Amino acid sequence: MQEFLQQIVSGIASGGIFASLALALVLIYNAMGLVNFAQGEMAMLATFIAFTLVDHGVSYWIAFPVTLVVAFAGGILVQRIVIRPVERAPILTLVIVTLGLATLVNGVAGFIFGYVPRSFPSPFSAQTVNLLGAFVSYRDLGVIGVSTVVLLLIYLLLQRTTIGLTMRAAAHHPEASRLLGVHVSWMLALGWGLASAVGAVSGIMVAPILLLEPNMMQTIIIYAFAAAVLGGIESPLGAVVGGLIVGVTVNLAGAYIPFVGGDLQLAVALAIIITVLVIKPNGLFGRPSVRRV
Amino acid sequence: MLQRIRTAPPRYWLVVVVVLFFAGFPTVISSFQAGQWALALILAIAIMGLNILVGYSGQLSLGHGAFMAFGAYASAILAHRYKMDYLVTIPIAGLLTGMVGFLFGVPALRLSALYLALATFALAVVMPSLIKRPVGLTGGVQGISLPPVVVPQLAKDGFTMLTGSAMTSDQWVYYVTFAYALVLFWLAWNLVRHRAGRAMRAIRDGEVAAAASGINISGYKTLAFGISALYAGIAGSLLGLATGYISPDTFPVSLSIQLLVGAVVGGLASIPGPLLGGIFAYFLPIESNQWVPTQTWIPSQIVATVVKAGPAVTYGVVLILLMIFAPNGIVGLATAGYNRLRRRLRGAADRESGHIPPDPQTV
């Protein structure tokens, strides 16, 4: 029972990481109906920036927000340079562009930082604390705490501020928003920046666990896909809930199903994706889609 | 007959020239290079499969490397465990992969283009770890080593008679691949010009309108998936023949990306596109590593950068730039150029004769 509880807590911790990246995916999906295949790679690059800062002696708690700001600016830059020219192109084109972006960012990171895995510092110690009968590491608690704060901030930004309202309006009714004086294109850029920053959080959180290298996010993005799909790809709340469910499920499956073990956890994510898409394509919190002629 | 040959459109002559070129030139290049071109043709076959799916039926798959893996392992297991002749296993592997693709196409029907891209991408990422699991069947991480390629006596004799030199196994592999490529490209060409191809394109361009015209949407979509997987399966099987060894690492996600790059570069929804795309996707990473350092005029720092960055950066940049500036790839650019040229020339002819030339046929 105790071990079971521990597995659940560490599942929630990885769920928080998946949820952040899934939320980034949802933000961009809401802005332009696109799944950004480069989200994980962008987060990885941001994590390398944080690593470089910390490596040069900058304190972790300064490097963290600085990285988020850089990631935010980078996201806006990417939208302006790469995405904007194909904004109105068919979805096929857009997906291929984001894939190209993923390949490009991966290659650039490999070029600049090399493929040797590096250990990334964590501000939380690996010591455990007894919490309701389960031994939980401070590191897991820290990840849960940081993820919660970030998710809350995004929620407040989207639901309680004018800029959040404008962003949602631009995403849902671009024409009407434009008539009301909203700079729709810049709102999309803002969405990309925000997504990039949120994704960076997941990268920084996962790096101490996985070791930092250019292919670090390749598996995490699959879990994030699973989380976003499970939650209904347009719902921010769904991304969070989906992330937690995926995190716990994958962790429990890895621990208690001998066939899955450590190396087939990714296959569990694939199974979740396919099951949800076939049985309930709108996910837990999504709205049914209507097709018009 | 003569009449038909005389009135054949110029592109038929182009096809004849290209086929003769690919049939003849392994005799003048080294055996090693023939092996390289065999790999390029294998990629071209897989890309043709992807092209049928993405270009003609409008369903995006980012996981065709997984289908290649299935075909390769089907062949390898049949040849290794059941001692079948490898050449016999190639069509079997193709059909098996085709069936798997057909089955995969059924749930894919319910997915929008975006979700399908997502699911197939996940499949491509998961495939290597899935392969590792049944160790007894797939050899796990170690993979499967295949028996060395034996050139049949008949092919040996024929080759010696024609060229005067002995046929190497690389050249034999090349000609096997070439034969498959020829047949599969010809089949694809027939497919897209006839009923099924028209139906697929109608679905791609407007699903609701196609359904209203009485086209069996789910039937043709799954059919496209099956055919596409069949091509990938045969390509995977041929890859096993060409490399003599397969392991989970032979089929990383980047293979699927490489196929997509090839399809996009060559030109989606075109028949020559995948051939050009295959050549590009295969030789770009090799040449950028070998050709660039030999060029003295390029500053050494840039050379070092290109070699160190590997193909990923180039692939990424090429994908993005092509999608922005030339979404129809090389074939699209060539066709546009040719049409412009012809319009010019035709315009000149009009002024002389006063004839209005017939419209060029669509399709």
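These lines cover the structure that appears in this document, whether it is placed above or below. Just so you know, these numbers come straight off a predicted model, no measurement behind them.

### Focus: the overall build of chain A
For chain A, the count of helices and strands is 11 helices and two strands. Each helix and strand of chain A, ordered N terminal to C terminal, gives the series α-α-α-α-β-β-α-α-α-α-α-α-α. Radius of gyration (C-alpha) of chain A: 19 Å, near the 19 Å computed for a compact globule of 293 residues. If you line up chain A on its principal axes, its C-alpha atoms span 55 × 50 × 35 Å. Pairs at least 24 residues apart make up 72% of the contacts formed inside chain A by residues separated by at least 6 positions. Working note: accessible area of chain A is about 12600 Å², and carbon and sulfur atoms make up 68% of it.

### Section: the environment of Ile154(A)
Tracing the backbone through its elements, the reader meets Ile154(A) in helix α5 (residues 138-160). With near-sequence residues (within four places) excluded, Ile154(A) lies in contact with Leu23(A), Leu194(A) and Val198(A).

### Quick word on unusual backbone geometry
Of note, the phi angle at Leu211(A) is positive, near 75°, even though the residue is not glycine. Position of Leu211(A) relative to the elements: it lies in the loop between α8 (184-210) and α9 (217-231). With relative accessibility at 38%, the residue Leu211(A) sits in the partly exposed group. Its identity is not glycine, yet Lys83(B) carries a phi of approximately 55°, on the positive side. Its place among the elements puts Lys83(B) in the loop between α4 (64-81) and α5 (86-108).

### What to know about helix α3 (residues 60-83) of chain A
For α3(A), which comprises 24 residues, the first-to-last C-alpha distance of 32 Å matches the rise-based estimate of 34 Å (1.5 Å per residue) to within 8%. Between a side-chain oxygen at the N-terminus of α3(A) and the backbone nitrogen of Trp61(A) the separation is 3.2 Å; the capping residue is Ser59(A).

### Here we look at the interface of chain A and chain B
One frequent convention defines the size of an interface as the accessible area lost when the parts assemble. Residue-level contacts link 43 residues of chain A with 40 residues of chain B. Between chain A and chain B lies a buried interface of about 3800 Å² when both sides are counted; carbon and sulfur atoms form 82% of it. On the chain A side of the contact with chain B, Leu92(A), Ile96(A) and Phe111(A) bury the most area, a combined 16% of that side's loss. Inspection of the region where chain A meets chain B yields zero salt bridges. Across the contact surface, chain A and chain B share zero residue pairs in polar contact (both at pLDDT 80 or more). Contributions of two or more residues to the side of chain A that touches chain B are made by α4 (91-113), α9 and α11 (265-279) of chain A. When the residues that make up the side of chain A that touches chain B are grouped by side-chain class, the tally is 35 nonpolar, six polar and two charged.

Reading guide: rules and limits
- Residues numbered from 1 in each chain as written.
- Chains lettered and ligands numbered in written order.
- Predicted model: local features only at pLDDT ≥ 70, side-chain atom pairs only at ≥ 80, totals over all residues.
- Heavy atoms only, no water.
- Helix = DSSP H or I, 4+ residues; strand = E, 2+ residues; numbered from the N terminus.
- Rg over C-alpha atoms; globule rule 2.2 N^0.38 Å.
- Contact = heavy atoms within 4.5 Å.
- Areas by Shrake-Rupley, 256 points an atom, 1.4 Å probe, with all protein chains shown as cover.
- Buried < 20%, exposed > 50% of the residue type's maximum accessible area, 1.4 Å probe, protein only.
- Expected span 1.5 Å × (residues − 1).
- Polar contact = N/O pair within 3.5 Å; in protein donor to acceptor, adjacent residues only side chain to side chain.
- Buried area = accessible area lost by both parts, 1.4 Å probe.
- Salt bridge = Lys/Arg side-chain N within 4 Å of Asp/Glu carboxyl O.
- Nonpolar A, V, L, I, M, F, W, Y, C, P; charged D, E, K, R; others polar.

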